[in-house]
Amino acid sequence: MNASVDPAAAAHQAARHPWFERLARLGYVANGILHATMGVLAAVLATGGHAQADQSGAMRALSAQPFGVVLLWICAIGALLLGLWSLAQLLLPEKETKDRLKFAGTGVVFLAVGFAFGRFAVGNPSDSGQSATSLSGVLMKSLAGRAALIILGLVLLGMAGYYIYKGVSRKFLDDLHRSSSSEISSAIRYSGMIGYPAKGLVLGALGLLFIVATIQGDPEEASGIDGALKATRDQAYGSVLLVAIAAGLLSYALYLVLRARYDRMD
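Just so we're clear, the structure is a prediction, and the values are computed from it rather than from any experiment.

Colleague: Give a description of unusual backbone geometry that names residues and reports values.
Modeller: Although it is not a glycine, phenylalanine 67 adopts a positive phi angle of roughly 60°. Tracing the sequence through the fold places phenylalanine 67 in the loop between α4 (55-63) and α5 (68-88). You will see that tyrosine 237, though not glycine, has its phi angle at about 60°, which is positive. Look at tyrosine 237 and you get exposed, because its relative accessible area is 71%.

Here you go:
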């Protein structure tokens, strides 16, 4: 009997396995929990409280809750599974180039989020704001580095525009299977229409922050999402806008949880 295994065939089989897909959906739930927590922290900032309203702050807040470490591990596993599943789709010959790029981007992002959840779960947290500031400080020392930061800011602004467009045009519905329940369908539609633009506003504020910080030559200003939200709060009517962003992030979180059930995964 030939005991050898064809690695390519095994990888293709794993990429198509229905249970791999079902478990990978947990990654959307993990992302929803992350954005819901960020929304709550953004609301705390908007009402004059003190909070770190970014990925690190959200994970730190989750770790402080009862059974928080268990929740962090569940989110870490879910995000890692979705990242691995997305990268596994690159092995399927029927995928087009644009789909491969999408899966590659999704895979890298969710693997990074999964590792971040895992670091907090084992008690070795990182600070995304400090990391952004440190990296910006290094890049600002050279002309090429400053150009890279400007490009990053422009890319984030482009992503912001895409998120806003996807929400306003309801293009996100193309990613989903339809539900037979009118209540669920309405929840998906309205949560996406509100949530996607809110996510876009966060990305846009972050992009502007990188550009302004680079022009001013101040890496302390490039402090990630938390810095972008605090900069938004400090503008005229900024607290009102931040409350809207907080509500939008909570809406986006609801959409992500529903997406875990209804995403087409293709």
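Having seen the structure, we can now continue with the description.
Colleague: Tell me about the packing of aromatic side chains, and please be specific about residues and values.
Modeller: Tallied over the full model, the rule gives 9 aromatic pairs. Seen from their ring centres, tyrosine 28 and phenylalanine 110 are 6.1 Å apart, and the 80° between their planes marks the pair as edge-to-face. Highlighted residues: tyrosine 28 in helix α3 (residues 26-46) and phenylalanine 110 in helix α6 (residues 97-121), separated in sequence by 82 residues. The two residues tyrosine 28 and phenylalanine 110 agree in class, both being buried. Between tryptophan 85 and phenylalanine 103 the ring centres are 5.7 Å apart and the planes differ by 80°, which places this aromatic pair in the edge-to-face class. One end of the pair, tryptophan 85, is in helix α5; the other, phenylalanine 103, is in helix α6, with 18 residues separating them in the sequence.

Colleague: Give a description of the environment of isoleucine 184 that names residues and reports values.
Modeller: If you trace the backbone, isoleucine 184 turns up in helix α9 (residues 182-216). Taking the C-alpha atoms as reference, isoleucine 184 lies 8.2 Å from leucine 258; in sequence the two are 74 residues apart. Beyond its immediate sequence surroundings of up to four residues, isoleucine 184 is in contact with Ser179, Leu258 and Tyr262.

Colleague: Now, about helix α8 (residues 143-168): what can you tell me, with residues and values included?
Modeller: Spanning 26 residues, α8 covers 38 Å between terminal C-alpha atoms, matching the ideal 38 Å at 1.5 Å per step. On its buried side, α8 packs onto α7 (128-139), α9 and α11 (238-262). Two residues or fewer past α8, arginine 170 is found with a positive phi of approximately 65°.

Conventions used here
Residues numbered from 1 in each chain as written. Predicted model: local features only at pLDDT ≥ 70, side-chain atom pairs only at ≥ 80, totals over all residues. Heavy atoms only, no water. Helix = DSSP H or I, 4+ residues; strand = E, 2+ residues; numbered from the N terminus. Buried < 20%, exposed > 50% of the residue type's maximum accessible area, 1.4 Å probe, protein only. Phe/Tyr/Trp six-rings, centres within 6.5 Å; stacked < 30°, edge-to-face > 60°. Contact = heavy atoms within 4.5 Å. Expected span 1.5 Å × (residues − 1).

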